[in-house]
Amino acid sequence: MTDKNKNLALIAHPEIWIARLPDLRAYRQKLLTLLSSAEHTRCARYMQQDDRDRYLGGRALSKLAVAKLTGLPLADISITLATSGKPAIAFAKDEITAPAISISHAGELVVVALTYAADIGVDVELLHNDVNLDDLMGVVCSAKEITEVNRQDEKSRIQKFYEFWVLKEAYLKATGEGLSADARRLMFTVDDVSSVSLLQGLDNRPAHTWDFFLRLYDQRHVLALASRKTDVPELDDSRYTPTRCMPVFKDALSLLREYCSEK
């Protein structure tokens, strides 16, 4: 193991970098220089400028955050896509371990999560108070989760639904299944302090390999992080005590300014 890999192995908590759409708009022209030709093509396919800025922000912020984490030059960092669409970091030198990565964007936020020794998924959604919950719950939630949502008052019903939604999206991003899986087969419960329990997953791995973090961010967005440890010993006891992976939140504005002020 190289000295760099030894140092990276000491990183214990996922990093979540958050950028806001107005800042991405302000630095758009310089950030575009971070995209590959294929990424430029994909970015241009979006019809709305805000959607182009969200895509640009996710790719650019991912590369900037990885460069900050590893000390590697930006020219040596690229993003590849699995056949499922799951992004992964690739380095010019194969001997350097790359972190797992996940990207999400909604409303005014672009979010990038990084970690080592785990599969990771992050999801953020903008709270919409005018959604048709009954229709959406039938697509997203299990019968038990629908019952839990319907126990709440009207305002809390909406947030509870979004909590289940972002947890499932984060889980499916971590596994790489994405929208190809039936989210209703997943089952979570969330208590009053946002402590998450996975009641039913989609793979054969035990629940104790998973950590979840759930947060109402800025009172307008709901954010979830799912982390599946890649090296966890088997437990004889099948009971699951929920744990929370406590990420380190980082404001991307200073990172954007630093890069975009370079000549």
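Residues numbered from 1 in each chain as written. Predicted model: local features only at pLDDT ≥ 70, side-chain atom pairs only at ≥ 80, totals over all residues. Heavy atoms only, no water.

> I tried to follow the sheet that holds strand β4 (residues 100-106) on my own but got confused; where do I start?
Paired through their backbone hydrogen bonds, the strands of a sheet run either parallel or antiparallel. Spatially, β4-β5-β1-β11 is the arrangement adopted by the four strands of the open sheet, whose pairing is mixed. A strand with exactly one partner marks an edge of an open sheet, and here the two such strands are β4 and β11 (248-251). Averaged over all pairs of adjacent strands, the angle between strand axes in this sheet comes to 20°, irrespective of strand direction. Pairing of strand β1 (residues 15-20) with β11, which is carried by four bridges, proceeds in the parallel orientation. The partner of Trp-17 across the bridge, within β11, is Lys-250. Strands in contact with helix α5 (residues 49-70) are β1, β4 and β5 (109-115); relative to β5, the strand with the most contacts, it is inclined by about 35°. (Pairing = 2+ DSSP bridges. Helix = DSSP H or I, 4+ residues; strand = E, 2+ residues; numbered from the N terminus. Axes fitted to C-alpha atoms, helices over the stretch in contact; angles between N-to-C directions. Contact = heavy atoms within 4.5 Å.)

> Would you mind going over the confidence of the model for the protein chain with me for this structure?
Regions with low pLDDT should not have their predicted coordinates read in detail. Overall, the predicted model of the protein chain reaches an average pLDDT of 86, with 87% of residues at or above 70. In the model, residues 1-10 has pLDDT below 50 throughout and makes 11 contacts with residues more than four positions away in sequence or in other chains. This stretch, residues 232-243, has a pLDDT under 50; its non-local contacts, to residues over four places away or in other chains, come to 18 contacts. (pLDDT = per-residue confidence, 0-100.)

> Is there a simple way to explain the packing of aromatic side chains in this structure?
Here the distance between the centres and the angle between the planes together describe a pair of aromatic rings. According to the stated counting rule, one finds 10 aromatic pairs in the structure shown. One aromatic cluster is present, built from ring pairs that chain together Tyr-171, Phe-188, Trp-210 and Phe-212. Positioned over the ring face of Tyr-259 is Lys-30, at 4.6 Å from the centre of the ring. Here Arg-215 stacks its cationic end above the ring of Phe-249, 4.5 Å away from the centre of that ring. (Phe/Tyr/Trp six-rings, centres within 6.5 Å; stacked < 30°, edge-to-face > 60°. Lys NZ or Arg CZ within 6 Å of the ring centre and 35° of its normal.)

> Honestly, the pairing of strand β9 (residues 210-217) in this entry has me stumped. Any pointers?
The two faces of the sheet receive side chains in turn, since in a regular strand these alternate between them. Along β9, six of the eight residues are buried, which leaves the element largely enclosed by surrounding structure. Bridging between β9 and strand β10 (residues 221-229) involves eight bridges; their strand directions are antiparallel. When the bridges of β10 are listed, Trp-210 appears paired with Arg-228. Connecting the antiparallel pair β9 and β10 is a turn made up of three residues, with Asp-218 showing a positive phi of about 55°. (Buried < 20%, exposed > 50% of the residue type's maximum accessible area, 1.4 Å probe, protein only.)

> Just checking my understanding: could you explain the nonpolar core for this structure?
Nonpolar side chains in soluble globular proteins generally cluster together in the buried interior. In this structure, Leu-31 and Leu-114 are the most contacted members of the largest nonpolar core, which totals 34 residues. Broken down by secondary-structure element, the contributors of at least two residues to this core are β1, α2 (21-26), α5, β2 (77-81), β3 (87-91), β4, β5 and α9 (253-260). With nine residues, the single largest contributor to this core is α5. The residues touching Leu-31, leaving out its near neighbours within four places in the chain, are Leu-24, Leu-56, Ala-60, Leu-64, Leu-256, Tyr-259 and Cys-260. (Core = buried A, V, L, I, M, F, W, Y, C linked by side-chain atoms within 4.5 Å.)

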